[in-house]
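Architecture and fold: a report
As a plain string of letters, each chain reads:
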Amino acid sequence: RKEVEQDPGPFNVPEGATVAFNCTYSNSASQSFFWYRQDCRKEPKLLMSVYSSGNEDGRFTAQLNRASQYISLLIRDSKLSDSATYLCVVSLNTNAGKSTFGDGTTLTVKP
Amino acid sequence: NAGVTQTPKFRILKIGQSMTLQCAQDMNHNYMYWYRQDPGMGLKLIYYSVGAGITDKGEVPNGYNVSRSTTEDFPLRLELAAPSQTSVYFCASSYQGQGRNEQYFGPGTRLTVT
């Protein structure tokens, strides 16, 4: 079993749709959680950190469920510019900062 | 403030050749990382460093070497290049403290070994 698992998709949605991605992790001692966005042939960029209480940034909402060991990302009112691959990242803070990346979920938003 | 810079952007190597991928950051981050990303796949950690003079292996270190003589620079050395090392290489850095470990990535080096 992979340490971090994501549904690879692709998710194809129309503009304005709401889409949700889930990510599961295997190590219950994981401390930090992030969503990164990666555009085609570009470097990953931090989208948002995921906090225990859940957090929202504009159209993006991230949730953490420690009991079930998954995190989620909800995108509301999808824009064409949201088309990208979304990477789930999990980190053990005590382990010298090493992070484990999921393989990513690809989103295509269509007109 | 340039963030994380990587050189070269592209390189073609012949089997058996060697090269060094350069990475520098100007954010005074203590942690630095090297990843490789094969087509359609996630990032795999090659090596990382928690500070100048300290490095450690990641998930896929074979065929690579690193050094960290300064806080700013973290070069990755490929000895005896093989086709299996064809990939995109990303360098990243982070400030590791109080649970903050958001990583900032360079633009990547696209390497082809033929």
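Scroll up for the structure.
In every chain, residue numbers begin from 1 and rise along the written sequence. Following the order in which they are written, the chains are lettered starting with A and the ligands numbered starting with 1. Predicted model: local features are reported for residues with pLDDT of at least 70 only, side-chain atom pairs are reported and counted for 80 or more only, and whole-chain, interface and lining totals are derived from all residues. Side-chain metrics rest on all non-hydrogen atoms present in the structure, leaving aside hydrogens and water.

1. Focus: the interface of chain A and chain B
The contact definition used throughout considers only heavy atoms, calling two residues in contact when any of these lie within 4.5 Å. If you look at the interface, chain A gives 20 residues, while chain B gives 22 residues. The quantity reported as buried area is the accessible area (1.4 Å probe) lost by two parts once they are put together, taken as the sum for both. When chain A packs against chain B, close to 1,700 Å² is buried across both sides, 50% of that on carbon and sulfur atoms. The term salt bridge refers to a pairing of a side-chain nitrogen on Lys or Arg with a carboxyl oxygen on Asp or Glu at a separation within 4 Å. For the pair chain A and chain B, the interface holds zero salt bridges. Contacts described as polar in this section are N or O atom pairs within 3.5 Å, which, within protein, must combine one atom able to donate a hydrogen with one able to accept it, while residues neighboring in sequence count only if both atoms come from side chains. Put simply, chain A and chain B have five residue pairs in polar contact (both at pLDDT 80 or more) between them. The numbering of helices and of strands both runs from the N terminus, where a helix is a DSSP run of H or I of at least 4 residues and a strand a run of E of at least 2. For the side of chain A that touches chain B, the secondary structure elements donating two or more residues are β4 (32–38), β5 (45–50), β9 (84–91) and β10 (99–101) of chain A. Element by element, the count of residues in the side of chain A that touches chain B is highest for β4(A), at four residues. In the scheme used here, Gly and all other residues not listed as nonpolar or charged are polar, with Ala, Val, Leu, Ile, Met, Phe, Trp, Tyr, Cys and Pro taken as nonpolar and Asp, Glu, Lys and Arg as charged. Its residues assigned to classes, the side of chain A that touches chain B shows seven nonpolar, eight polar and five charged.

2. Considerations on the state of the cysteines
Note on disulfides: each one is a pair of cysteine sulfur atoms within 2.5 Å. Applying the stated criterion across every chain yields a total of two disulfides over all chains. Note on cysteine connectivity: Cys23(A) is disulfide-linked to Cys88(A), with sulfurs 1.9 Å apart. Torsion about the S-S bond of the Cys23(A) and Cys88(A) cystine: about -70°, corresponding to left-handed handedness. A residue pair is termed long-range when its members are at least 10 positions apart, and Cys23(A) in strand β3 (residues 19–25) and Cys88(A) in strand β9 qualify at 65 residues. With a 1.4 Å probe rolled over the protein chains alone, any residue whose accessible area is under 20% of its type maximum counts as buried; one over 50% counts as exposed, and the rest are partly exposed. On the accessibility criterion, Cys23(A) (0% relative accessible area) is buried. Assessed through its relative accessible area of 0%, Cys88(A) is described here as buried. The disulfide that involves Cys23(B) links it to Cys91(B), with 1.8 Å between the sulfurs. Because the torsion about its S-S bond is -70°, the bridge between Cys23(B) and Cys91(B) counts as left-handed. Here the residue Cys23(B) occupies a position in strand β3 (residues 19–25), and Cys91(B) occupies one in strand β9 (residues 87–94), the gap between them amounting to 68 residues.

3. Here's the deal with the sheet that holds strand β6 (residues 55–57) of chain A
Residues and elements named next belong to chain A. Read from one edge to the other, the open sheet built from five strands follows the order β1-β3-β8-β7-β6, with strand pairing classed as antiparallel. The open sheet is flanked by β1 (4–6) and β6, the only strands paired with a single partner. Averaged over all adjacent pairs, the angle separating strand axes in this sheet is 20°, with direction ignored. The pairing criterion for strands is at least two bridges between them, as found by DSSP. Relative to strand β7 (residues 60–65), β6 is paired through three bridges, and the arrangement is antiparallel. When the sheet's bridge partners are listed, aspartate 57 is paired in β7 with phenylalanine 60. Every angle, taken between N-to-C directions, lies between 0 and 180 degrees, and every axis is a line fitted to C-alpha atoms, over only the stretch in contact when it is a helix.

4. Quick word on the nonpolar core
For the purposes of this section, nonpolar cores are sets of buried Ala, Val, Leu, Ile, Met, Phe, Trp, Tyr and Cys residues that join through side-chain atoms within 4.5 Å. Phe21(A), Trp35(A), Ile71(A), Leu73(A), Ile75(A), Tyr86(A) and Leu107(A) are the most contacted members of the largest nonpolar core, which has 23 residues in total. Of all the secondary-structure elements, those providing two or more residues to this core are β3, β4, β5, β7, β8 (70–75), β9 and β11 (105–110) of chain A. Core analysis: the second largest hydrophobic core is formed by 19 residues, Tyr64(B), Phe74(B), Ala81(B) and Leu111(B) among them.

5. Description of the pattern of salt bridges
Residue and element names in this part refer to chain A. A full pass over the atoms with the stated rule returns eight salt bridges over all chains. The partner of aspartate 39 in a salt bridge is arginine 37, with the nearest N and O atoms 2.8 Å apart. Here lysine 79 makes a salt bridge to aspartate 77, at a shortest N to O gap of 2.9 Å.

6. Here we look at the environment of Gln96(B)
Turning to its location among the elements, Gln96(B) is positioned in the loop between β9 and β10 (104–105). Sequence spacing of Gln96(B) and Lys9(B) is 87 residues, and the spatial spacing of their C-alpha atoms is 27 Å.

7. Structural notes on the packing of aromatic side chains
Only centres within 6.5 Å qualify two rings of Phe, Tyr or Trp (six-membered ring in Trp) as a pair; their planes then separate them into stacked at under 30 degrees, edge-to-face at over 60, and tilted for everything else. What the rule picks out here adds up to 13 aromatic pairs over all chains. Arranged with centres 5.4 Å apart and planes meeting at 35°, the rings of Phe21(A) and Tyr86(A) form a pair that is tilted. One end of the pair, Phe21(A), is in strand β3; the other, Tyr86(A), is in strand β9, and 65 residues separate them in sequence. Both residues of the pair, Phe21(A) and Tyr86(A), count as buried. Feature note: the residues Phe34(A), Tyr36(A), Phe101(A), Tyr31(B), Tyr33(B), Tyr35(B), Phe90(B) and Phe105(B) constitute an aromatic cluster, connected by ring pairs.

Interpretation note: all reported values are geometric properties and have no functional meaning in isolation.
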